[in-house]
Every structure is written in structure tokens, then in C-alpha cells.
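# Notes for the structure review
Chain by chain, the residues:
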Amino acid sequence: PSRIAIAGGSITEILYFLGEESRIIATDITSTFPDEARSFPSVGYVRSLSAEGILSLKPTLVLGEQDMGPEEVVKQLERTSIDIRKIPELQSANGIAKKINCVANVIDKSIEAAAIVELKLGPQLKSLRQIKERGSTEGTFAILLMIAEGSPIIAGQDTSGHNLLQMAGRDNAFTEFDGWKPVSLEAIAATNPDYIIIADRRRGANDVITNVKNNPAIRLTTAAKDDQIHMIDGMALLGFGPRTLDVALELADL
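Just so it is clear, the structure is predicted and the values come from calculations on it, not from any experiment.

### Topic: helix H8 (residues 207-214)
All of the buried residues in H8 are Val 208, Ile 209 and Val 212. Angularly, the buried residues of H8 cover 100 degrees about the axis, an arc narrow enough to put them on a single face.

### Regarding the pairing of strand E5 (residues 61-65)
With five of five residues buried, E5 lies mostly within the body of the structure. Judged from the four bridges that link them, strand E1 (residues 4-7) and E5 form a sheet pairing that is parallel. When the bridges of E5 are listed, Ile 6 appears paired with Leu 63. Pairing analysis gives five bridges linking E5 to strand E6 (residues 83-87), with the strands arranged parallel. Residue Gly 64 lies in a different strand from E6, and its bridge partner there is Lys 86. In the classification by handedness, the crossover that spans E5, the intervening helix H3 (residues 71-78) and the parallel E6 is right-handed.

### Observations regarding the pattern of salt bridges
Summed over all chains, the structure comprises 11 salt bridges. A salt bridge links Arg 85 to Asp 83; the shortest N-O distance between them is 3.1 Å. Assessed through its relative accessible area of 31%, Asp 83 is described here as partly exposed. A salt bridge links Glu 112 to Lys 109; its shortest N-O distance comes to 3.8 Å. Among the residues examined, Lys 109 registers a relative accessible area of 23% and is labelled partly exposed. In the salt-bridge network here, residues are joined through shared partners; they are Glu 20, Arg 23, Lys 109 and Glu 112.

### A closer look at the sheet that holds E6
The strand order E2-E1-E5-E6 describes an open sheet built from four strands, whose pairing is parallel. Each end of this open sheet is capped by a strand with a single partner; those strands are strand E2 (24-26) and E6. Sheet twist, expressed as the mean angle between neighbouring strand axes with direction ignored, is 30 degrees. Where helix H1 (residues 9-17) meets the sheet, it contacts E1, E2, E5 and E6, and its direction lies at approximately 115 degrees from that of E5.

### Points about the nonpolar core
Grouped together as the largest cluster of nonpolar side chains are 51 residues, with contacts concentrated most on Leu 18, Leu 237 and Leu 251. The residues touching Leu 237, leaving out its near neighbours within four places in the chain, are Ile 143, Leu 164, Ile 197, Ala 199, Ile 232, Thr 244 and Val 247. Membership of the second largest hydrophobic core comes to 20 residues, among which are Ile 154, Leu 185, Ile 188 and Ile 198.

### With respect to the side chain of His 162
Mapped onto the secondary structure, His 162 falls in helix H6 (residues 160-167). Classification of His 162 by relative accessible area gives buried; the value is 10%.

### Side note on helix H4 (residues 93-106)
With 14 residues, H4 should cover 20 Å at 1.5 Å per step; its first-to-last C-alpha distance of 21 Å lies within 8% of that length. Listed as buried for H4 are Ala 93, Gly 95, Ile 96, Ala 97, Lys 99, Ile 100, Val 103, Ala 104 and Val 106. Where H4 begins, the side chain of Ser 92 points an oxygen toward the backbone nitrogen of Gly 95, at a separation of 3.0 Å. Where H4 ends, the next residue or the one after it, Asp 108, has phi of about 65 degrees, a positive value.

Rules of the game
Residues numbered from 1 in each chain as written. Predicted model: local features only at pLDDT ≥ 70, side-chain atom pairs only at ≥ 80, totals over all residues. Heavy atoms only, no water. Buried < 20%, exposed > 50% of the residue type's maximum accessible area, 1.4 Å probe, protein only. Helix = DSSP H or I, 4+ residues; strand = E, 2+ residues; numbered from the N terminus. Arc of directions from axis to C-beta. Pairing = 2+ DSSP bridges. Right-handed = clockwise from strand over helix to strand, strands pointing away. Salt bridge = Lys/Arg side-chain N within 4 Å of Asp/Glu carboxyl O. Axes fitted to C-alpha atoms, helices over the stretch in contact; angles between N-to-C directions. Contact = heavy atoms within 4.5 Å. Core = buried A, V, L, I, M, F, W, Y, C linked by side-chain atoms within 4.5 Å. Expected span 1.5 Å × (residues − 1). Polar contact = N/O pair within 3.5 Å; in protein donor to acceptor, adjacent residues only side chain to side chain.

Next up, the structure:
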């Protein structure tokens, strides 16, 4: 595959990680890292693709995350001569390594990828295995997908945020519900997390941290009092690409 259209920011990161970015001809709007990935023609949003837009770019392969869609567009593309692949995702440290190897297998770079993963990610994978064996450390976390007008969206169980915290050996403060759910600021204050992590989807909006910290319902939390409100790039935090291993280690060290 020499002309790859990508639907999913973690897949773009993996191709750059493997040194195979020269094959890319288009990316979706979640492909924000590295910066040069933003310069490719866009195929739209990973879960809202346009068959016509993709076909106009004449790719030989469409490579997407497991939630690439909508399904009718995927089926439409499958009826053409273009190779369509969805990469499965296990949201764990070993799952990230498997995801990289899966992408490498599709582009016929399995042997090279195994060496790259061992060289570049071996220490992180070893550290995260040790963290998992050690068990959870003290302190609870709240991961906010967004916070603007209205209630912030919080990671409950069975989410990428929850699974990231498990990787890092940290406890989710919000386990009484599944999925991403809107939670009132008062409920956050009552739950009183020790750490608040905000997914940065606007790239460096530091005013968000200040606004959150000064919110009357949050400034009394342990997280605010201890200056433990952090903003992390959204794809690095929740994309489960190579950078997510580093984020998990950062959270483990807080």
C-alpha cells in the first residue's frame, strides 16, 4: 500500500512512529500529531467519513481505527477495489504494542516494527508491567473530556479514560456509571478527586485550567487545593497510540 488514507489519529501517529509517513496521502481531523500530519488533505472525521471524498483521493488503502464509520460508508468503500482495514484496539499497554504490530503487518513491515517497538517502547512497557503488578496507588482521578458551558463530560467505567487510569495504576473517582457522562460541577466537588485531568482538544488552552480551578464548586476539591489540575493533549491522553504509554507513566508519577 503506497497511497494510504487514514481515519484515526492514533493510526497516523503509528505510521510516523514506524517511519512510514511517506505512504500517507490523507488523514482525518483527529490526526493532529505530529504537526506536519495536519497538512494532508482531510477525509473528515473518523466516525463521519465521506466515501466520495475518500475516492477522489485515489488511495490504495484506507486504514482506520476500530470505530471508523459510518458503517454504510465503509461498506460502500469495500465494494470498490480499495483495500479497507479497521485496526482493533485493546486499551492497555500491551494492546498499544499489538496495535502497532497490527498496522505494521498491514503494510508489510512486521519484522521492522518488532525491533522498533522493542527499542523505542520496551522501557515504558516494562515500567507499566511493574506498575500493574504493584497495584493501585493512593489518590483518585477525574478525567474530563471537555468543560465549557454546562456540565463537563467525565470518564466512567468502560471508557478510554478509565482504561488509561488502570494502565497507570491509578483509581477512577467516577466508577458508579459506565461510559462518558455529563456530571455536574457540584457532583465533582462532592466526589472530591485528588487529581483532575482535562483532555486538551484546543491545543494549549491554559485559560481552561485557571477557569476550572477558580470554579466555586471545584476550588474546594483536593485537586484544586493541591494544584493537581492538569491539561494533556487529547490524542496522547486517550488515543492509545505510542504517546499514551508516556502519559500513563506521567499519571503514575503524579
